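What follows is each chain in one-letter form.
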Amino acid sequence: MAVGTESGSGGVAESAPSTPMSAMTTTPISARSVRWESDMPDIEEGGGGLERPLLRRRGTNTTSQMAIVGANVCPIESLDYELVENEVYKQDWRSRGKLQIFHYQILKWVLALLVGLIVGLIGFFNNIAVENIAGFKLLLTTNLMLQNRYKAAFLWFISCNAMLAAAAAALCAYFGPAAAGSGIPEVKAYLNGVDAPSILAPSTLFVKIVGSIFGVSAGFVLGKEGPMVHTGACVASFLGQGGSRKYGFTWNWLRWRSALLWRTFSTTAVAAMVLRSLIEYCRSGNCGLFGKGGLIMFDVSSQVTSYTTMDLAAVVLLAIVGGLLGALFNFLLNRILRVYSYINEKGAPYKIILTVVISLVTSCCSFGLPWLTACTPCPPELAASGHCPTIGRSGNFKNFRCPPGQYNAMASLFLNTNDDAIRNLFSGGTESEFGVPMLLAFFTAVYSLGLVTYGVAVPSGLFIPVILSGASFGRLLGKLLGALTGLDTGLFALLGAASFLGGTMRMTVSVCVILLELTNDLLLLPLIMLVLLVSKTVADCFNKGVYEQMVRMKGLPYLEAHAEPCMRSLVAGDVVSAPLIAFSSVESVGTVVDTLRRTGHNGFPVIEDAPFAPEPELCGLVLRSHLLVLLRAKTFTADRVKTGAAEVFRKLAPFDFAKPGSGKGLTVDDLDLTEEEMAMYVDLHPIANRSPYTVVENMSLAKAAVLFRQLGLRHMCVVPRTPGRPPVVGILTRHDFMPGYIRGLFPNVLRE
């Protein structure tokens, strides 16, 4: 993802340098409230610092939010969350009867049920596919090991992993570049109002599902939970927008305004019920090698009701170290991804080669490290029951060339699916199962592999690598502090995973809920809350969360909840750019078409002027997409007169102005207009938003930024504070609130 062209007609496209306002020859309004970098030395030296303009505006802005991670540079725009209250909108609601309104409400819940059902089926399919593909690979590897055919087992293991990795990378590199990674940063930015091409495309959905299956089955230290978030968003977008015009697969009965898509979060319950029902069916042996996977339920059953002072001290120590290691993880991941970006920019073949190389390294670690681990005798009670060692199935005690009655602890973690490895680490009452040297080696390997794996061209999540690293570290610390605390090592593993999640992702509330759902133990709530708060606080002292870093590296213009300090010294009028491009309420067709061809703006002010108004006044705001629909309908007149909404509705219906589904939308090149039609006029009143959001030019830029984000706007009109001037000073868009853009215009504004 990369820099975009989102702009209103008062703003400048992000990929182009900004043009200074011609009126900016005097001191701006906000000059007296700004602190300056070089004024005080001049004053002390008597150099006449007060004679210079205080707020110097740079003539050009060269800042650009180029994507460091990802593929090619592509345009980024904002989403239209604002209700466009024009005549088309009003006519739409006036024409609806009670039956249509009831039908509209029903369709919202139909969409919710469909999204939940489909996402649940996809989740079930992912689990079945992963456990069968990975299970078949591991089962054949184990069988070859039992026959003492170690070289054949290694070749089979490493070849399967490399082929699966290459297949996943090829899908991402050639068919769905936006499907690489977890997708959570993209979804996070989309919910913030950022719309980048292909984020929710059908091709991305397909590659996300298949590529995630291949990547997890290839033995990478990654998870499928992050990609499932992106998958659910793709499904909701595909259904809610009526399919895809690009692939010729559309329907009208399920389309409505995209703002209502976010009510589909109620589908979580439906997806969980569908997935749980299918998992219970598979546990009866009807799904091949499917074991205990699915919702990754790790039943800790700690039965912890009280804690001693030493217990709490050990937990706080765990949280502090986990926060430090989580911050270090984010720092190293940032550096590694910058290196990967140079490789990925060379093209698809290099992406595949990088993925296969990481696969070979992972396979060598998974197969090689167990050879360095000594065999451990099985516990007598488990050996007698036949549960140790586990042969021909998943379990805690992998044989791996050990004599009968013994197991290899490292193989029990590496030669297993990631879900089973976490389940082994979380298991309680198994203090002697994993030794200190083995846990240290496993933690080092998983921590390192998680860093180098995220960023390759494979759908990959960070939850599983972080949980694996944290669980192994927590269990290791629990072994070292075993004499000082009475907490179980399995509980330490869970709390270690919580500390790493808090240190890397910084999402305390959601992570707490996730861990409680995974462990099914409410008694752990106080300890988990303590660990998450401490680890997040420690990690925040060093850097931001991993997803915040990813959003910034991908060049997505994300608006934070709080305004940047540099915005407090500026006002709205300081950042708008000239010349302002606006339309008259009844405009020449040729002027509209020429403007659409020459600019990349998506919003244009509409000015009511003579003979329709005694003085120029702001009539509203019109969107590019609505202009294109109106021009294609050719509701033109030979004279410059108002036609009203009735003329528009003779050729168009309100639904024609709805946001198109995924795929190519209407462009200015699709218009087929003659020279005679270009000389005619078109009335913009019916499609103009008569009540656009406006702010006065002397409003604090920080205050305007908060309003812009909270209202989910795409365009914000800036109006003059004094009469006798043009009715609109400019338009603020998402790009105008970006810190890099602001500092590019005013390099001498200090951070407060």
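To be clear, the structure that these remarks concern was listed above.
What counts and what doesn't
The numbering scheme is per chain: residues are counted from 1 as the chain's sequence reads. Two thresholds apply to this predicted model, a pLDDT of at least 70 for residue-level local features and 80 or more for giving and counting side-chain atom pairs, whereas whole-chain, interface and lining totals are computed over all residues. Note that the side-chain values use all heavy atoms of the structure and ignore hydrogens as well as water. Throughout this description, buried means an accessible area under 20% of the type-specific maximum (1.4 Å probe, protein chains only), exposed means over 50%, and partly exposed covers the range between. Put simply, DSSP marks the helices as runs of H or I at least four residues long and the strands as runs of E at least two long, and each gets a number from the N terminus on. The contact criterion used is simple: two residues touch if any of their non-hydrogen atoms lie within 4.5 Å. Throughout, a disulfide means two cysteine sulfur atoms within 2.5 Å of one another. Here an axis means a line fitted to C-alpha atoms, over the contact stretch when the element is a helix, while the angle between two N-to-C directions is reported on a 0 to 180 degree scale. Should an angle fall under 35 degrees it is called roughly parallel, over 145 degrees roughly antiparallel, and 65 to 115 degrees roughly perpendicular, with every other angle called oblique. Left-handed describes a crossing whose near helix is turned anticlockwise from the far helix by less than a right angle; the clockwise case is right-handed. At least two DSSP bridges between two strands are required for those strands to pair. Each reported salt bridge corresponds to a side-chain nitrogen of Lys or Arg within 4 Å of a carboxyl oxygen of Asp or Glu. What qualifies as a polar contact is a pair of N or O atoms within 3.5 Å, subject to a donor-acceptor requirement within protein and to the restriction that residues adjacent in sequence count only when both atoms come from side chains. Patch definition: residues with relative accessible area over 30% and no salt bridge; like charges joined within 9 Å; nonpolar side chains (Val, Leu, Ile, Met, Phe, Trp, Tyr) joined within 5 Å. Note on areas: these come from Shrake-Rupley sampling with a 1.4 Å probe, and a residue is covered only by the protein chains present in the view. The criterion is simple. A nonpolar core is a set of buried Ala, Val, Leu, Ile, Met, Phe, Trp, Tyr and Cys residues joined through side-chain atoms within 4.5 Å.

A word on helix α19 (residues 546–553)
The periodicity of an α-helix, 3.6 residues per turn, causes residues three or four places apart in sequence to face the same way.
Turning to step 1, where the next piece is worked out: Taken across its eight residues, α19 has six buried, putting it largely inside the fold.
Turning to step 2, where the next piece is worked out: Buried positions along α19 lie against α5 (184–191), α9 (309–344), α15 (463–480) and α16 (489–504).
Turning to step 3, where the next piece is worked out: Looking one or two places after α19, you find Gly555, whose phi comes out positive at around 75°.

Topic: the state of the cysteines
A disulfide bridge is the covalent bond that connects two cysteines by way of their sulfur atoms.
Turning to step 1, where the next piece is worked out: For the structure on display, the rule yields one disulfide.
Turning to step 2, where the next piece is worked out: Linked covalently through their sulfurs, Cys375 and Cys402 form a disulfide whose S-S length is 2.0 Å. On the S-S bond that ties Cys375 to Cys402, the torsion sits near -90°, and the link is left-handed. One end of the pair, Cys375, is in the loop between α10 (348–368) and β5 (376–377); the other, Cys402, is in the loop between α11 (380–385) and β6 (406–407), and 27 residues separate them in sequence.
Turning to step 3, where the next piece is worked out: Its relative accessible area of 26% is what places Cys375 among the partly exposed residues.
Turning to step 4, where the next piece is worked out: Cys402 gets classed as buried once you look at its relative accessible area, which sits at 7%.

Details of the packing of helix α13 (residues 418–426) against α15
Turning to step 1, where the next piece is worked out: Contact geometry for α13 and α15: axes closest at 10 Å, N-to-C directions at 25°. The orientation of α13 relative to α15 falls into the category roughly parallel. Considering only the axes of α13 and α15, their crossing is left-handed. Contacts from Asn418, Asp419, Ala421, Ile422, Asn424, Leu425 and Phe426 of α13 reach α15 at Ile464, Ile467, Leu468, Ala471, Ser472 and Arg475.

Here we look at the sheet that holds strand β11 (residues 636–637)
Turning to step 1, where the next piece is worked out: Reading across the sheet, the three strands line up as β8-β12-β11 and stay open at both edges, with antiparallel pairing between neighbours. Pairing within the sheet leaves two strands with one partner each, and these edge strands are β8 (586–588) and β11.
Turning to step 2, where the next piece is worked out: As paired strands, β11 and strand β12 (residues 681–683) are joined by two bridges and run antiparallel to one another. Of the residues in β12, the one forming a bridge with Thr637 is Tyr681.

Structural notes on the sheet that holds strand β9 (residues 603–608)
Turning to step 1, where the next piece is worked out: If you trace the three strands from one edge of the open sheet to the other, you get β7-β9-β10, paired in mixed fashion. Each edge of the open sheet is held by one strand with a lone partner, namely β7 (583–584) and β10 (617–623).
Turning to step 2, where the next piece is worked out: As paired strands, β7 and β9 are joined by two bridges and run parallel to one another. Residue pairing for β9: Ser584 is matched across the bridge by Ile607.

Remarks on the pattern of salt bridges
Turning to step 1, where the next piece is worked out: Per the counting criterion, the structure on display carries 12 salt bridges.
Turning to step 2, where the next piece is worked out: Note that Asp609 and Arg640 form a salt bridge whose closest N and O atoms lie 3.2 Å from each other. Of this pair, Asp609 sits in the loop between β9 and β10 while Arg640 sits in the loop between β11 and α23 (644–651), and the two are 31 residues apart along the sequence.
Turning to step 3, where the next piece is worked out: Residue Glu647 pairs with Arg650 through a salt bridge whose shortest N-O separation is 2.4 Å. Pair noted here: Glu647 and Arg650 are both in helix α23, with a separation of three residues, about one helical turn.
Turning to step 4, where the next piece is worked out: For Glu647, a relative accessible area of 26% puts it in the partly exposed group.

Points about the side chain of Ser535
Turning to step 1, where the next piece is worked out: Inspection of the secondary structure puts Ser535 in helix α18 (residues 525–540).
Turning to step 2, where the next piece is worked out: You can call Ser535 buried: its relative accessible area is 0%.
Turning to step 3, where the next piece is worked out: At 2.8 Å, the side chain of Ser535 forms a polar contact with the backbone oxygen of Val531.
Turning to step 4, where the next piece is worked out: Once residues lying within four places of it in the same chain are set aside, the contact partners of Ser535 are Ala319, Gly323, Ala498, Ser499, Gly502 and Gly503.

What to know about a nonpolar patch on the surface
Turning to step 1, where the next piece is worked out: A cluster of nonpolar side chains, contributed by Leu99, Phe102 and Ile106, occupies part of the molecular surface with about 340 Å² of accessible area.
Turning to step 2, where the next piece is worked out: Mapped onto the fold, Phe102 is located in helix α3 (residues 98–146).
Turning to step 3, where the next piece is worked out: Accessibility expressed as a relative area gives 53% for Phe102, which makes it exposed.

Digging into the side chain of Asn192
Turning to step 1, where the next piece is worked out: Considering the arrangement of structural elements, one finds Asn192 in the loop between α5 and β2 (194–195).
Turning to step 2, where the next piece is worked out: When residues no more than four places from it in sequence are discounted, the contact partners of Asn192 are Pro557, Tyr558, Leu559, Arg709 and Arg734.

Points about the nonpolar core
Turning to step 1, where the next piece is worked out: In terms of nonpolar packing, the biggest core is built from 112 residues, with Leu333, Phe442, Leu468 and Ile528 touching the most fellow members.
Turning to step 2, where the next piece is worked out: Ranked by the residues each element gives to this core, the list is headed by α9, at 10 residues.
Turning to step 3, where the next piece is worked out: Leaving out residues up to four positions away in the same chain, Leu333 has contacts with Leu451, Tyr454, Leu462, Val546 and Met550.

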